[in-house]
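Given next are the chains, with one letter for each unit.
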Amino acid sequence: MIVVFENKSLELLYTQWIWVWYHPDIISWYIRKITFLMQARDERDLKNFQSLWFEKLRSYPKWGYSIRINKKRRIIFDIIYQGKTKVINIVELSNHYQ
């Protein structure tokens, strides 16, 4: 799937590791999960990889899905269909329990 970033700072975090507020372990896991999203063919790949904790969100009206980085943080994204191509729009790196 194609991955795009809604927020420029999230893109910089992926491409250049630029973000002073996150621990290096968080950044490392973030990069791994984004890379996995890029390699996935569709939602079934995400559902089958149980450690991602892929789920559809009900509390966010605009955003559709999330995967877990660790027990506290999640990547929140939406899946947009452009013809036969699926595009993942990364919306937020969320502190899940705040």
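One structure accompanies this document, and this report is about it. (Residues numbered from 1 in each chain as written. Predicted model: local features only at pLDDT ≥ 70, side-chain atom pairs only at ≥ 80, totals over all residues. Heavy atoms only, no water.)

### As for the overall build of the protein
For the protein, the helix and strand inventory stands at three helices and five strands. When its helices and strands are written in sequence order, the protein yields β-α-α-α-β-β-β-β. The C-alpha radius of gyration computed for the protein amounts to 13 Å, which stays within 12% of the reference 13 Å derived for 98 residues, consistent with globular compactness. A buried classification covers 44% of the 98 residues belonging to the protein. Across the protein, the fraction of contacts at a sequence separation of at least 24, relative to all contacts at a separation of at least 6, is 40%. Of the accessible surface of the protein, which amounts to about 6,500 Å², a share of 53% is contributed by carbon and sulfur atoms. Between the averaged position of the 16 positive side-chain charges in the protein and that of its 9 negative side-chain charges there is a distance of 4 Å. (Helix = DSSP H or I, 4+ residues; strand = E, 2+ residues; numbered from the N terminus. Rg over C-alpha atoms; globule rule 2.2 N^0.38 Å. Buried < 20%, exposed > 50% of the residue type's maximum accessible area, 1.4 Å probe, protein only. Contact = heavy atoms within 4.5 Å. Areas by Shrake-Rupley, 256 points an atom, 1.4 Å probe, with all protein chains shown as cover. Lys, Arg positive; Asp, Glu negative; His and termini not counted. Charge placed at Lys NZ, Arg CZ, Asp CG, Glu CD.)

### Here we look at the pairing of strand β1 (residues 2-5)
Where burial is concerned, the two faces of β1 differ: the one with V3 and F5 is buried and the one with I2 and V4 is not. Pairing analysis gives four bridges linking β1 to strand β5 (residues 85-95), with the strands arranged parallel. By the bridge assignment, F5 is partnered in β5 with I90. (Pairing = 2+ DSSP bridges.)

### Here's the deal with helix α2 (residues 24-39)
In this model α2 runs 23 Å from its N-terminal to its C-terminal C-alpha over 16 residues, within 8% of the 22 Å that 1.5 Å per residue would give. Against the buried residues of α2 lie β1, α1 (8-16), α3 (43-48), β3 (65-68), β4 (73-82) and β5. (Expected span 1.5 Å × (residues − 1).)

### Considerations on the side chain of K86
Mapped onto the elements, K86 comes out in strand β5. Excluding residues that lie within four positions of it along the chain, K86 makes contacts with M1, I2, D42, E43, I79, I80 and Y81.

### Focus: the packing of α1 against α2
Relative to each other, α1 and α2 sit at 95°, their axes nearing to 9 Å. Comparing their axes, α2 and α1 come out roughly perpendicular. Across the interface between the two elements, L10, L13 and Y14 of α1 pack against I27, Y30, I31, I34, T35 and M38 of α2. (Axes fitted to C-alpha atoms, helices over the stretch in contact; angles between N-to-C directions. Parallel < 35°, antiparallel > 145°, perpendicular 65-115°, else oblique.)

### Some thoughts on unusual backbone geometry
Leave glycine aside and you will find that most residues have negative phi; peptide bonds, for their part, are mostly trans. The phi torsion at W53 lies on the positive side, around 55°, for a residue other than glycine. With respect to the helices, strands and loops of the structure, W53 is situated in the loop between α3 and β2 (55-56). W53 sits in the partly exposed class, given a relative accessible area of 48%.

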